[in-house]
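# Structure assessment
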Amino acid sequence: MRLVVVSNRVTIPDRHEKAAAGGLAVALREALERHGGLWFGWSGVVGAARQLRETQRGNVTYAVTDLSEAERESYYLGFSNRALWPIMHYRLGLTEFQRSDYIGYLGVNRRFARELTRMIQPDDVIWIHDYHLIPLAAELRRRGVTNRIGYFHHIPWPSADVLSALPFSTTLVRTLAAYDLVGMQTEVDARNLIGCLVDMCGARTDGRRVRLGVRETAVQSFPIGIDVEAFRRLAAASVRQAATPLRATRESLGERKLVIGVDRLDYSKGIVQRLEAFGQFLQSHPDERGRVSLLQIAPPSRSDVPEYAELDRMSDEVAGRLNAQIGEFDWTPIRVVKKAYSRTALAGFYRRAEVGLVTPMRDGMNLVAKEYVAAQNPADPGVLVLSRFAGAAQQLGEALIVNPYDTHEVAEAIRTALAMPKSERIRRFEALYHVIETSGIHWWTQRYLDALTRSPVEAEIAEPPRKVDAPARGTSRKPRAAVLDRGEVKGRPVPAGRKRNAVPAESGHLTLVR
Ligand code: ADQ
């Protein structure tokens, strides 16, 4: 079997590049090298030339294509990141749907399918990643591709009640039936998706497999992990190295304790609420003032989506206000640093921090929580404070689990973490480390590929090829959201105020570059 990976963004490794520690991109690259294969997706470049460019690295071919400005606007910034991202994170109020964006989204998926069909060989197993590419398998099937195709959804999947507010969601959900295997981060997400397929599309299910028309799709949870051993080694090495940010942090903090937050600057991560909770902690416990600081590392992402620019402004404002209210001439309670760091530097920061504050409002998994645990000194570990709405909370029950909407609860958890006796810290750390060690990234990749290659491929869709945005047909139950899906998709001009230019300056360190 040859492996074909498809993701929104593809970063071609330099010829002599040493693999960065951990990381999904590295694990996928390793899986590709094991099987030989192809990695296909957007180059990250916006331009007029849309021809495919192929680069060979060992037995792996990287095939990338540019997006046009209109495609980036509608497919990437528009439908993927202003409609799907917020609604999948339960943020209906931030969900902005435009038909022209949806057309662009389908258009890019069709174009990707067209390009990919030419490159696929009969024994290829195809693994598609994330919400940008949900309809890709349906488009490949329309072109006669009968290979095994799997999808992994990296972000949360909400219930039908939430998702059906998105126009054309029924059609979109239906396209998932074109996959042989759909992987979700958690059992809750898997159940929600099955609920959507049943309630919105009229599928039948035995709880694990879903039958829609003549196709059968397995839906299963595969909680993603990290390369624990690699990260642990980086953290241990950062203690020994001379000129590291860890040393510098030690010097600038002195004896003070450190609470750390590390996230892309994204509203799903609860950064502003976290800063407020830290402020509340210092207000309620004046004895802690001057003794502890919060370091929030948050490199900007998607800055040309207005909600992200607003978040950037708000985090500065809240940190500035709290520092002015509570700070002293020789003590800054909150430091916000908006840049990406190397894996080594991050591992060092995690190691130095007595508390890892990971409080997203909603998150598919959250790898920072796992990285924080992996980086701890087993003899004197820090404490993880974790949002119950991160997928990671389903596995990491020995963290201090909090509701990020409850500022008081988070503030008290910070207090508890800072005061926790060493014996309890060690006990919790050992339990957490065991979980992340036994469900690391290589286990995840292997488990997913095993399931994908095992799942029986059923008869292909017997219906004649049709557009994926046509209303749902042939279901025994009336689709609940059918009314939303009716009607022709027509282009609409982008309203004033939406920025069109600039390539997103996202960091290569981030998982799959969202
Ligand atoms: P993300 O939303 O990007 O991923 P997360 O899982 O936390 O969130 O991964 C972020 C990665 O970026 C981590 O490896 C972290 O170390 C790195 N990172 C963050 N800030 C950084 C900085 N300043 N410098 C360097 N690196 C930084 C999406 C979903 C998650 C899911 C992952 C993987 O939203 O829920 O866990 O995919 O499936």
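Before any of the text, the structure's been laid out above.
Residues numbered from 1 in each chain as written. Predicted model: local features only at pLDDT ≥ 70, side-chain atom pairs only at ≥ 80, totals over all residues. Heavy atoms only, no water.

Each helix and strand in the protein was counted, giving 17 helices and 16 strands. Across the 514 residues that make up the protein, the buried fraction comes to 59%. Partitioning the intrachain contacts of the protein with sequence separation of at least 6 by distance along the chain shows that 78% fall at a separation of at least 24. Accessible surface computed for the protein: about 19,900 Å², of which carbon and sulfur atoms make up 51%. (Helix = DSSP H or I, 4+ residues; strand = E, 2+ residues; numbered from the N terminus. Buried < 20%, exposed > 50% of the residue type's maximum accessible area, 1.4 Å probe, protein only. Contact = heavy atoms within 4.5 Å. Areas by Shrake-Rupley, 256 points an atom, 1.4 Å probe, with all protein chains shown as cover.)

So, about the packing of aromatic side chains. The geometry of an aromatic ring pair is captured by the separation of the ring centres together with the interplanar angle, meaning the angle of the planes. If you walk through the whole model with that rule in mind, you get 25 aromatic pairs. Between phenylalanine 278 and phenylalanine 281, the aromatic rings sit 5.6 Å apart at their centres with planes inclined by 45°, giving tilted as the arrangement. Taken together, the positions of phenylalanine 278 and phenylalanine 281, both in helix H10 (residues 271–284) and 3 residues apart, correspond to about one turn of that helix. As far as the burial class goes, phenylalanine 278 and phenylalanine 281 line up, both buried. An aromatic cluster of at least three residues, connected via ring pairs, comprises Phe40, Tyr75, Phe79, Phe97, Tyr102, Tyr105, Phe112 and Phe168. One cation-aromatic arrangement involves arginine 302 over tryptophan 85; the distance from NZ or CZ to the ring centre is 4.2 Å. We note arginine 362 situated over the ring of tyrosine 90; from NZ or CZ to the ring centre the distance is 3.7 Å. (Phe/Tyr/Trp six-rings, centres within 6.5 Å; stacked < 30°, edge-to-face > 60°. Lys NZ or Arg CZ within 6 Å of the ring centre and 35° of its normal.)

As a further point, take the pattern of salt bridges. All chains considered together, the criterion is met by 35 salt bridges. Notably, a salt bridge pairs glutamate 216 with arginine 209, separated by 2.6 Å at the nearest N-O pair. Salt-bridge contacts for lysine 338 lead to aspartate 312; the nearest nitrogen and oxygen are separated by 2.5 Å. On the criterion of sequence distance, the pair formed by lysine 338 in the loop between strand S13 (334–337) and helix H12 (343–352) and aspartate 312 in helix H11 (residues 306–326) is long-range, its members being 26 residues apart. Residue class for lysine 338 comes out partly exposed when judged on its relative accessible area of 25%. Taking the relative accessible area as the measure of exposure, aspartate 312 reaches 23% and is therefore partly exposed. Residues joined by salt bridges that share partners form a network here, namely Glu71, Arg111, Glu115 and Arg118. (Salt bridge = Lys/Arg side-chain N within 4 Å of Asp/Glu carboxyl O.)

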